[in-house]
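# Observations on the three-dimensional arrangement
For reference, the chains in residue letters:
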Amino acid sequence: GEDVEQSLFLSVREGDSSVINCTYTDSSSTYLYWYKQEPGAGLQLLTYIFSNMDMKQDQRLTVLLNKKDKHLSLRIADTQTGDSAIYFCAESTYGNNRLAFGKGNQVVVIP
Amino acid sequence: EPEVTQTPSHQVTQMGQEVILRCVPISNHLYFYWYRQILGQKVEFLVSFYNNEISEKSEIFDDQFSVERPDGSNFTLKIRSTKLEDSAMYFCASRGGQGGLETQYFGPGTRLLVL
């Protein structure tokens, strides 16, 4: 079955890079996602990576996938105060409706 | 930009009472979901719904839960007799179903507190 693990808290200075990590267990995962949740808001899809890719860059976001270690990371370059939020990684498998989420990682950006 | 909406944003209820959580998915979407997050824990899948029937449900989604699409726009989650452990944030999500990458779009959630 799916199990997704994340560390819980990260503080970072504005302008620095932040890296959030996630491990997963289901080797049949097809897509891996990063969602962002700001206070009082829903889960906003930030980016995703298909399991046959190692890296994906999307403006300030870089996703790295290590399939051997089942490790996913999200790097946010030039972190801004608006990046303060909880970040969830999630996985899905082909033909499977459900998303399996990690516990989330709270990022606090210090001005 | 279209978005998923949920009402109410907060609900407080007594143990044993029935609650109905409401969602309006994105209008041309075909697949609908409920997830929940107990405080401090992971977001957990409850159920998916397609073509007016449940397509998948988790072990959490027992007989006290039901879902319905009563009209063309609403998607509801009913908890028949609430327990203390049902206190959680409940998220609704929808996805298109028209092919391609099928990302799920989430609503802001309903925070349910059972006393």
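Residues numbered from 1 in each chain as written. Chains lettered and ligands numbered in written order. Predicted model: local features only at pLDDT ≥ 70, side-chain atom pairs only at ≥ 80, totals over all residues. Heavy atoms only, no water.

With that settled, consider the state of the cysteines. All names here are of chain A. Counted by the stated rule, this structure contains two disulfides over all chains. Sulfur-sulfur distance for the disulfide between Cys22 and Cys89 comes to 1.8 Å. In this structure, the disulfide formed by Cys22 and Cys89 twists by about 70° around the S-S bond and is classed as right-handed. Of this pair, Cys22 sits in strand S3 (residues 18-24) while Cys89 sits in strand S9 (residues 85-93), and the two are 67 residues apart along the sequence. Cys22 gets classed as buried once you look at its relative accessible area, which sits at 1%. Classification of Cys89 by relative accessible area gives buried; the value is 1%. (Disulfide = S-S within 2.5 Å. Helix = DSSP H or I, 4+ residues; strand = E, 2+ residues; numbered from the N terminus. Buried < 20%, exposed > 50% of the residue type's maximum accessible area, 1.4 Å probe, protein only.)

A separate point is the sheet that holds strand S3 (residues 19-24) of chain B. Strand pairing in a sheet takes place through backbone hydrogen bonds and is either antiparallel or parallel in direction. All names here are of chain B. In spatial order, the strands read S1-S3-S8-S7; together these four strands make up an open sheet with antiparallel pairing. Whereas interior strands pair on both sides, the edge strands pair on one side only; in this sheet they are strand S1 (5-7) and strand S7 (65-68). Sheet twist, expressed as the mean angle between neighbouring strand axes with direction ignored, is 20°. Note: S3 against strand S8 (residues 75-79), five bridges, orientation antiparallel. Bridged to Arg22 within S8 is Thr76. (Pairing = 2+ DSSP bridges. Axes fitted to C-alpha atoms, helices over the stretch in contact; angles between N-to-C directions.)

Looking now at the interface of chain B and chain A. Contact with chain B, which involves 23 residues of that partner, is made by 21 residues of chain A. Between chain B and chain A, the buried area comes to about 1700 Å², and carbon and sulfur atoms account for 54% of it. Linking chain B with chain A are one salt bridge. Between Glu56(B) and Arg98(A) there is a salt bridge, with its nearest N and O atoms 2.8 Å apart. (Contact = heavy atoms within 4.5 Å. Buried area = accessible area lost by both parts, 1.4 Å probe. Salt bridge = Lys/Arg side-chain N within 4 Å of Asp/Glu carboxyl O.)

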